[in-house]
Amino acid sequence: MSNLKTRKDLDQVFPEINITSNAALSDFTNTDTGGPADWLAFPTSIEQVQQLVDFTFENDIDLTVIGNASNLIVNDKGIAGLVIILTQMNQITVSTDRIVAQAGAPIIAVSEAACTAGLTGLEFAAGIPGSVGGAVFMNAGAYGGETKDVVKKATVMTREGEIKTIENDELDFGYRHSSVQDNHQVILSAEFQLVPGTVATIRAQMDDFNERRAQKQPLEWPSCGSVFKRPVGYFAGRLIHDAGLQGYTSGGAQVSKKHAGFIINIGGGTATDYVNVIKHVQSEVYRQFGVHLETEVRVIGRQ
Ligand SMILES: Cc1cc2nc3c(=O)[nH]c(=O)nc-3n(C[C@H](O)[C@H](O)[C@H](O)COP(=O)(O)OP(=O)(O)OC[C@H]3O[C@@H](n4cnc5c(N)ncnc54)[C@H](O)[C@@H]3O)c2cc1C
């Protein structure tokens, strides 16, 4: 860890960047849980990201990048070092059959922009509450579509501060996986290759997906979406339902009665409650069916 100890230090180094110390991350996570970041920064430009990446690298400070925090459980002890939230870098530029979006743009907004421009391919993302960076990182997908199907390339910054363009085939996309999960790069933007279509048809498809989502998912509660990956040959939600775990509660975290794959915060839930529910679900499903449920949601921060 660096020789920097206080907020004043970072303020002095980067007076032009919005940085706070000991910032509650529960204000930003979709589960409304999570402890503080030592420092939390909201850069507004690539130059500011570069300054922060270089500084943390040179001073051996931990760096964590967050998008919309819709697939995260931040441990109650918080995150050491600097957390960067990219939501203020949210430009979306549409051209004939392409969209370039900065990492902090909501993927829902990119999907909307595609629809308005009569471009098809991003309908699947109409209701995914993540950022472009998070969608690429996770290879987010729904209703038969995945981010990998439409991303042509991504621009990233390496931990050493080098900016690189990575083509789709180098992103090593798989089920809820991309190469960025392994090499700790910061995704700065992505280019989506789309196909001309009819606005009304695109809109109808997006509306249909969103209606299906609202019917099945507990969108009225804080959550982190589907907690578990789909095990080969099974559906996580079905196994959890069949194990009789819907409604199982620890503190304020509860396996949703509406969708067994979701864990909702019914009030006052903590990250520890979430982790306790996850562990219980994993052990019960394993005990009853011999299937290991791997988490899709990422649990990060101090143990
Ligand atoms: C109600 C609900 C419904 C959901 N439905 C779906 C669905 O249908 N399909 C689906 O796939 N997911 C779904 N999710 C999960 C989530 O929305 C997606 O995984 C989304 O892609 C996460 O994006 P994010 O910006 O919120 O990422 P975060 O949760 O902020 O971060 C997730 C991971 O990505 C990393 N990351 C984020 N941005 C960057 C960046 N710029 N550079 C480097 N790393 C980065 C973070 O470090 C973290 O490890 C749902 C979640 C909720 C709450």
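Residues numbered from 1 in each chain as written. Predicted model: local features only at pLDDT ≥ 70, side-chain atom pairs only at ≥ 80, totals over all residues. Heavy atoms only, no water.

## A few points about the overall build of the protein
Formally: Runs of H or I in DSSP of at least four residues are treated as helices and runs of E of at least two as strands, each being numbered from the N terminus. Exposure classes here rest on a 1.4 Å probe applied to the protein chains alone. A residue is buried below 20% of its type maximum, exposed above 50%, and partly exposed in between. Contacts were defined at the residue level, with two residues in contact if any of their heavy atoms lie within 4.5 Å. Values of accessible area rely on a 1.4 Å probe in the Shrake-Rupley scheme; residue burial ignores everything except the protein chains shown. Here Asp and Glu are counted as negative and Lys and Arg as positive; His is not counted, and neither are the chain ends. Charge positions are represented by NZ for Lys, CZ for Arg, CG for Asp and CD for Glu.
Within the protein, the secondary structure is distributed over 8 helices and 19 strands. Counting only C-alpha atoms and orienting by the principal axes, one finds that the protein spans roughly 55 × 50 × 30 Å. With 303 residues in all, the protein has 50% of them scored as buried. A separation threshold of at least 6 residues defines the contact pool for the protein, and within that pool the share at least 24 residues apart is 64%. Entry remark: accessible area of the protein is about 13600 Å², with carbon and sulfur atoms responsible for 49%. Placing the 24 positive and 34 negative side-chain charges of the protein at their respective mean positions leaves the two points 6 Å apart.

## Quick look at the site of the ligand
Rules: Throughout, the term near means that a residue has one or more heavy atoms lying within 4 Å of the molecule or strand in question. Polar contacts, as used here, are pairs of N or O atoms within 3.5 Å; protein pairs need one atom able to donate a hydrogen and one able to accept it. Residues neighboring in sequence count only if both atoms are side-chain atoms. In this classification, Asp, Glu, Lys and Arg are treated as charged, Ala, Val, Leu, Ile, Met, Phe, Trp, Tyr, Cys and Pro as nonpolar, and every other residue, Gly included, as polar.
If you check the shell around the ligand, you find 36 residues, and the closest are Val65, Gly67, Ser70, Ser131 and Gly141. Here an oxygen atom of the ligand and a side-chain polar atom of Ser70 are 2.6 Å apart. Contact distances for the ligand include 3.0 Å between an oxygen atom and a side-chain N or O atom of Arg298. Taken together, the elements giving at least two residues each to the shell around the ligand come down to β3 (63-66), α4 (132-138), β9 (141-142), β13 (186-193) and β15 (223-226). Sorting elements by how many residues they give to the shell around the ligand places α4 first, with 5 residues. Split into classes, the residues belonging to the shell around the ligand amount to 18 nonpolar, 14 polar and 4 charged.

## Brief notes about the nonpolar core
Defined as follows: What makes a nonpolar core is a set of buried Ala, Val, Leu, Ile, Met, Phe, Trp, Tyr and Cys residues whose side-chain atoms join them at distances within 4.5 Å. Source of the domain bounds: an automatic or database domain assignment.
Membership of the largest hydrophobic core comes to 49 residues, with the highest contact counts inside it found for Leu82, Ile107, Val110, Leu122 and Phe192. Elements that contribute at least two residues to this core include exactly β2 (36-42), α2 (46-58), β5 (79-85), β7 (98-102), α3 (107-116), α4, β11 (151-157) and β13. The biggest single contributor to this core is β13, with 5 residues. For this core, the domains that each give at least three residues are domain 1 (7-85) and domain 2 (92-202). Non-local contacts of Ile107, meaning those with residues more than four positions away in its chain, are made with Leu122, Ala125, Ile128, Gly130, Ser131, Val132, Ala135 and Phe192. Counting 22 residues, the second largest nonpolar core, distinct from the first, contains Ile73, Ala236, Ala243 and Val291.

## As for unusual backbone geometry
At Asp60, a residue that is not glycine, the phi angle is positive and equals roughly 55°. Along the polypeptide, Asp60 turns up in the loop between α2 and β3. On the basis of relative accessibility, which here comes to 54%, the residue Asp60 falls in the exposed class. For Asp172, which is not glycine, the phi torsion reads 50° and is therefore positive. Tracing the backbone shows Asp172 in the loop between β12 (163-167) and α5 (180-183).

## A closer look at the domain arrangement of the protein
What counts, and what does not: Note on definitions: buried area is the accessible-area loss of two parts on being combined, 1.4 Å probe, summed for both. A side-chain nitrogen of Lys or Arg and a carboxyl oxygen of Asp or Glu constitute a salt bridge if their distance falls within 4 Å.
Along its sequence, the protein is organised into domain 1 (7-85), domain 2 (92-202) and domain 3 (218-300). Taking the mean C-alpha position of each, domain 2 and domain 3 sit 27 Å from one another. If you look at the interface, domain 2 gives 5 residues, while domain 3 gives 4 residues. A combined buried area of about 500 Å² lies between domain 2 and domain 3, and 52% of that area is made up of carbon and sulfur atoms. For the domain 2 face of the interface with domain 3, the top three residues by lost area are Met138, Tyr175 and Arg176, together amounting to 79%. The partner of Arg176 in a salt bridge is Glu296, with the nearest N and O atoms 3.4 Å apart. Scanning the region where domain 2 abuts domain 3 turns up 2 residue pairs in polar contact (both at pLDDT 80 or more).

## Focus on the sheet that holds strand β18 (residues 262-265)
Under the convention used in this document: Following DSSP output, two strands are said to pair if at least two bridges run between them.
What the 4 strands build is an open sheet, ordered β15-β18-β17-β16; its pairing is antiparallel. Lying at the two open borders of the sheet, with one neighbouring strand each, are β15 and β16 (249-250). Sheet analysis places strand β17 (residues 253-255) next to β18, joined by 3 bridges and oriented antiparallel. The residue bridging Ala253 from the neighbouring strand is Asn265, located in β18.

## Examining the side chain of Gln254
Structurally, Gln254 can be placed in strand β17. Within the structure, the side chain of Gln254 is placed 3.0 Å from the side chain of Thr249, a separation counted as a polar contact. When near neighbours in sequence (up to four residues on either side) are disregarded, Gln254 contacts Gly247, Tyr248, Thr249, Phe262, Ile263, Ile264 and Ile266.

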